[in-house]
Amino acid sequence: MKKLLRLFFVFFISVLFQSMAFSEAVQPNAKKLYKTYCNVCHGDNRLGGMGPALLPQNLKRLRQPAAKGVIENGRDATQMPGFSDRLSSAEIQSLTQWIYSEPKVDPKWSARDIRQSHIIHYPDGELGDKPVFSADMQNLFIVVELGDHHATVLDGDTFEPIHRFQTRFAVHGGPKYTQDGRYVFFASRDGWISKFDMYNLKTVAEVRAGINTRNAAVSYDGQYVAVGNYLPNNLVILSAKDLSFVTEIKTESIEGKKSRVSAVYTAPPRNSFIVAMKDATEIWELPYTAGDGQFTPRKIKTDGYLDDFFFDPGYKHVIGSARNDTDQPSGGQVIDLDTGKKVANLDLAGMPHLGSGITWLRGKERLLATPNLKDGVLSIIDMNSWETIDRIKTNGPGFFMRSHANSPYAWVDVFFGPNKDQVHVIDKQSLKIVKTIIPAPGKTAAHVEFTKNGSHVLLSVWDVDGAIVVYDAVTLKEVKRVPMNKPSGKYNVYNKTHYEEGTSH
Ligand code: DHE
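Along each chain, residues carry numbers from 1 onward, in the same order as the chain's sequence is written. With pLDDT at 70 or above as the cut-off, local features in this predicted model cover only qualifying residues; side-chain atom pairs require 80 or more to be listed or tallied, and sums for whole chains, interfaces and linings still use all residues. Water and hydrogen atoms were dropped before computing side-chain values, which therefore reflect all heavy atoms in the structure.

Peer 1: I would appreciate a short explanation of the side chain of His-150 in the present structure.
Peer 2: Each helix is a run of H or I in the DSSP string that is no shorter than four residues. Each strand is a run of E no shorter than two, and both are numbered from the N terminus. Here His-150 is to be found in strand β3 (residues 150-155). Of the residues examined, His-150 reaches a relative accessible area of 16% and is grouped as buried. Here a polar contact is taken to be a pair of N or O atoms separated by no more than 3.5 Å, where protein atoms must pair a possible hydrogen donor with a possible acceptor and residues adjacent in sequence count only if both atoms sit in side chains. In terms of polar contacts, His-150 uses its side chain to reach the backbone carbonyl oxygen of Asp-148, at 2.7 Å. It only takes one pair of heavy atoms within 4.5 Å for two residues to be counted as in contact. When near neighbours in sequence (up to four residues on either side) are disregarded, His-150 contacts Val-143, Val-144, Glu-145, Arg-164, Phe-165, Gln-166 and Thr-167. The buried label goes to any residue with under 20% of its type's maximum accessible area, the exposed label to any with over 50%, and the partly exposed label to all in between, with areas taken from a 1.4 Å probe on protein chains only.

Peer 1: Would you take a moment to explain the pattern of salt bridges for this structure?
Peer 2: Two side chains of opposite charge can pair, provided their charged atoms sit close to one another. The salt bridge definition used is simple: a Lys or Arg side-chain nitrogen within 4 Å of an Asp or Glu carboxyl oxygen. The final tally for this structure, using the stated rule, is 28 salt bridges. Notably, a salt bridge pairs Arg-164 with Glu-145, separated by 3.0 Å at the nearest N-O pair. Of the two residues, Arg-164 is situated in strand β4 (residues 161-166) and Glu-145 in strand β2 (residues 140-145); the sequence distance between them amounts to 19 residues. By relative accessible area, which is 38% here, Arg-164 ends up partly exposed. Owing to a relative accessible area of 2%, Glu-145 belongs among the buried residues under this scheme. Through salt bridges with shared partners, a single network forms among Arg-270, Glu-285, Arg-298, Lys-316, Asp-336 and Asp-338.

Peer 1: Would you explain the coordination of the iron atom of the ligand in this entry?
Peer 2: Each pair of donors in an ideal four-coordinate tetrahedral metal site encloses 109.5 degrees, whereas pairs in an ideal six-coordinate octahedral site enclose 90 or 180 degrees. Here a donor is any nitrogen, oxygen or sulfur atom (N, O, S) within 2.8 Å of the metal, with 3.2 Å used for Na, K and Ca; water is not among the atoms considered, so some sites may look incomplete. Protein coordination of the iron atom of the ligand rests on one atom only, His-172 (NE2), at 2.2 Å. Inspection of the secondary structure puts His-172 in the loop between β4 and β5 (176-177).

Peer 1: Which parts of the structure should I look at to understand the sheet that holds strand β22 (residues 365-370)?
Peer 2: Strand pairing in a sheet relies on backbone hydrogen bonds. The paired strands run either parallel or antiparallel. Note on pairing: two strands pair once DSSP finds at least 2 bridges between them. With antiparallel pairing, four strands are arranged side by side in an open sheet as β21-β22-β23-β24. At either end of the open sheet lies a strand with only one pairing partner, and these are β21 (358-362) and β24 (388-393). Taken pair by pair, the neighbouring strands of this sheet meet at an average axis angle of 25°, ignoring direction. Note: β22 against strand β23 (residues 377-382), four bridges, orientation antiparallel. Note that in β23 the partner of Leu-367 across the bridge is Asp-382. In this analysis, axes come from line fits to C-alpha atoms, helices being fitted only over the stretch in contact, and the angle between any two N-to-C directions falls in the range 0 to 180 degrees.

Peer 1: Explain the environment of Ser-407 to me, please; I cannot follow it from the model alone.
Peer 2: Mapping Ser-407 onto the fold places it in the loop between β25 (401-402) and β26 (409-413). Under the relative-accessibility criterion, Ser-407 is labelled buried at 5%. Residues Ser-407 and Phe-450, 43 residues apart in the sequence, show an inter-C-alpha distance of 9.1 Å. Discounting residues that sit within four places of it in the chain, Ser-407 has contacts with Lys-428 and Phe-450. In this structure the side chain of Ser-407 is engaged in a polar contact, spanning 3.0 Å, whose partner is the backbone nitrogen of Tyr-409.

Next up, the structure:
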């Protein structure tokens, strides 16, 4: 009997080892692989380092098969090497699955972490106070090139690049200028905030303010940078002088429920930041001139979620809409920021992208136009009555919209679908599409910005083999093509710092 038991034990152990060896081959230890191959660049706990954070929240814009391809073959024009010579396909698959899995404990990014990440490349006062090149400093553009994570400073008169420099990985949202146009602040999806000196063409300071960041805003008085984070759930206030940490405001609703921040904006006439919440039915206003360093939020209760914002020119009203919120009575709401009360519901088509909205005058009426991410429809709203006065049919859902007070036209792209290479030009008075431009057949054409005086329009061919295409804003004829690597947004100093009605703020 003892012999039989011993035999059974040996058999059991060998089966166990075999099955362990099998499961090891099929499901290699991703955590161990990460430590060996990824940790050095992507940081402890997948929080990012030289490379981006590898958490589901940060990777949602990259599909799993594409991520697997990056691990196999590397990513062009970055430090990311391919691992197919060292890792088996099963190991790469396992790593891919793991980086898309939720971490066991919520990642933390404390004030201490922020302080420790702070880098001052050039202390205040070390660089000269005069531009190191000659150009109209008000007519410069920053063009973000997503293809290889660079940005280009472009002369808005000659359309010649002046300087090209590396940004952090995946800059998102508009870089924000100080009022004099000397400095510009970038936010990356991984939470890095960079301060760039336009006079000296140098990145002067950087800090990691979060793990998964939405965007940043600069106070009108140039004192503070506010950073809105998904992860952790907070707003971080930095000094605009050197990006040093000032304070953190945990984003908890009136009922004490944690919320991600959808976006933060500056409201110049109000001397405050306005904050959109992802998980709370509230809007926050954060005055920044109280001088007590407290940044106490005024929490305005709203009727439903509002996570995408637009403001009227006087910043009296915020116009908000929710993404994927089917309970919403209509596409959007108008809230009076003084009273905190809703003054109107908006009838908006599809999934509005109010952040890309613009306004213009038609006769005496001020109109608001907003594209939407789901349907090929542009909603036109009278900002006096808040009625939708027109719906312009486009050849597909659009992402960005632009005009200029000096231009008779508004431009909107067709970002999604088979017509993604098209951009419509709309007459602002008749509300008719007068021309559809295809700058590069088959390649996405998106995001325009006007020059300072509105004479020219710069459009992105959103491709690694892409370009900025310059058009005469009146004749709509192409003037120049500047090759660029997946240029996304472009930002004119004058238009941004003067809150031009045809551009985003
Ligand atoms: Fe953006 C601006 C939110 C996806 C490119 N985008 C913004 C802003 C917000 C926002 C709140 C305003 C911030 C600012 O400028 O301060 N974006 C969102 C989303 O919620 C969404 C739909 C999903 C997400 O993943 O976050 C989204 N955005 C994208 C993209 O896929 C784009 C096309 C490519 C990318 O970079 O990821 C993209 N977003 C942009 C750009 C701006 C922007 C270029 C600046 C617009 C401007 O001209 O001001």
